[in-house]
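Structural description and commentary
These are the residues of each chain, in order.
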Amino acid sequence: MNDYIDRFNTRERVLHWFVTITFFTLLLSALGLYSRLFTGYFNLFGGGQKAIIIHKVAGVLFFISSLVLFIHNRRRTTDFNKDDMEWFRYLGGYLSRKEIHLKVGKFNAGQKLFGVFIGVATILLGITGIFIWWPLAFPRWIVQLSLLVHGLLFVSSIMFVVVHVYLGTIGNPGTLEAMLWGKVSRAWAKKHHPKWYKEVTGE
Ligand code: HEM
């Protein structure tokens with residue numbers, strides 16, 4: 001019996017890593033705009049003017065790819081059910097010493113929340129980004145509100161992504177393989193996503 005089962009196909013993985021590259025390009029090119037403390041990061045892009053151009057290009061690419069990723073996962077990330085409420089109640093068992101057995105499908109409630117947050121943030125970052133891109137074409141209050149919302153979403157997205165990267169790597173050994181090679185071990189699937197394991201294997 002094969003010890004590994006398919007989790008993500010090539011298209012899904014390419015899309016995920018494309019979103020990731022555009023996300024980090026956006027982050028690095030925006031740091032210098034966010035605070036004077038970080039203007040040194042402009043050097044990565046050959047100066048402030050170029051960083052802004054790259055931020056705009058990466059913004060369009062992130063908007064499209066992240067939205068496609070959200071739409072692709074939407075059925076699995078928006079179907080919150082009573083098992084998810086249980087997951088939230090125990091915070092996925094991450095803060096407990098005891099072994100807690102939770103009924104988890106392809107994505108756990110935390111992953112669903114992350115997926116929905118990134119989807120909504122992508123739309124709002126895109127809309128506010130348009131107002132900031134052409135500030136003279138819109139009323140001043142709209143541009144100022146957009147700057148505030150864009151900045152708050154920027155900070156909160158980073159916080160979510162830091163947790164996501166930790167849980168997808170050293171926090172849960174075996175998870176990164178899903179996004180690198182597309183496969184996970186049966187033991188990993190049974191432990192972290194038992195309902196999904198049953199769904200795909202019938203066991
Ligand atoms: C170095 C950075 C990143 C790493 C190592 C990473 C790792 C992973 C891994 C291992 C999975 C599969 C989890 C599983 O099979 O249960 C995953 C799923 C996912 N990732 Fe990432 N990721 C990174 C960056 C990002 C970024 C920047 C975004 C979006 C802005 C993102 C959005 C998603 C989404 C939407 C999923 C689907 C499941 C979910 O909602 O959590 N990832 N990631």
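In case you missed it, the structure is sitting above this.
So, here is what we can say about the structure in this document.

It is worth spelling out the site of the ligand at this point. Taken together, 23 residues surround the ligand, and among them Phe 23, Gln 111, Gly 115, Gly 168 and Ala 178 come closest. Breaking the shell around the ligand down by element, the ones donating at least two residues are α1 (10-34), α2 (48-77), α4 (109-133), α5 (140-168) and α6 (176-180). A class-by-class count of the residues in the shell around the ligand yields eleven nonpolar, eleven polar and one charged.

All right, on to the packing of α4 against α5 then. Where α4 meets α5, the axes come as close as 9 Å, and the angle between the chain directions of the two elements is 150 degrees. As judged from the angle between their axes, α4 and α5 are roughly antiparallel. For the element pair α4 and α5, the recorded crossing hand is left-handed. In this structure, α4 uses Phe 114, Phe 117, Ile 118, Ala 121, Leu 124, Leu 125, Thr 128, Gly 129, Phe 131 and Ile 132 to contact α5, whose residues at the interface are Ile 142, Val 143, Ser 146, Leu 147, Val 149, His 150, Leu 153, Ser 157, Phe 160 and His 164. Residue composition of the contact of α4 with α5, grouped by class: 14 nonpolar, six polar and no charged.

Below, the discussion takes up the nonpolar core. Burial of nonpolar side chains together is a common tendency in soluble globular proteins. Formed by Val 19, Phe 23, Leu 26, Ala 30, Ala 58, Phe 62, Leu 69, Phe 70 and Ile 118, the largest nonpolar core amounts to nine residues. Of all the secondary-structure elements, those providing two or more residues to this core are α1 and α2. Setting aside residues no more than four positions away along its own chain, Leu 69 makes contact with Leu 15, His 16 and Val 19. Counting six residues, the second largest nonpolar core, distinct from the first, contains Val 184, Trp 188, Ala 189 and Tyr 197.

Positive phi values are uncommon outside glycine, yet Leu 91 reaches one of about 45 degrees. Locating Leu 91 in the fold gives a position in the loop between α3 (82-89) and α4. Take Leu 91: there are 12 C-beta atoms within 10 Å of it, and that puts it in the exposed class.

Quick look at α1 now. Under the 1.5 Å per step criterion, the end-to-end length of α1 is 35 Å for 25 residues, consistent within 8% with the ideal 36 Å. Those residues of α1 that sit buried are Val 19, Thr 22, Phe 23, Thr 25, Leu 26, Ser 29, Ala 30 and Gly 32. Taken together, the buried residues of α1 touch α2 and α5.

Inspection of the secondary structure puts Thr 25 in helix α1. Given 20 C-beta atoms within a 10 Å radius, Thr 25 is considered buried. Once the C-alpha coordinates of Thr 25 and Val 57 are considered, the two residues, 32 residues apart in sequence, prove to be 9.8 Å apart.

Conventions used here
- Residues numbered from 1 in each chain as written.
- Predicted model: local features only at pLDDT ≥ 70, side-chain atom pairs only at ≥ 80, totals over all residues.
- Near = placed C-beta within 6 Å.
- Helix = DSSP H or I, 4+ residues; strand = E, 2+ residues; numbered from the N terminus.
- Nonpolar A, V, L, I, M, F, W, Y, C, P; charged D, E, K, R; others polar.
- Axes fitted to C-alpha atoms, helices over the stretch in contact; angles between N-to-C directions.
- Parallel < 35°, antiparallel > 145°, perpendicular 65-115°, else oblique.
- Left-handed = near helix turned anticlockwise from the far one by under 90°.
- Contact = placed C-beta atoms within 7 Å.
- Core = buried A, V, L, I, M, F, W, Y, C linked by C-beta atoms within 7 Å.
- Buried ≥ 20, exposed ≤ 12 C-beta atoms within 10 Å, placed from the backbone.
- Expected span 1.5 Å × (residues − 1).

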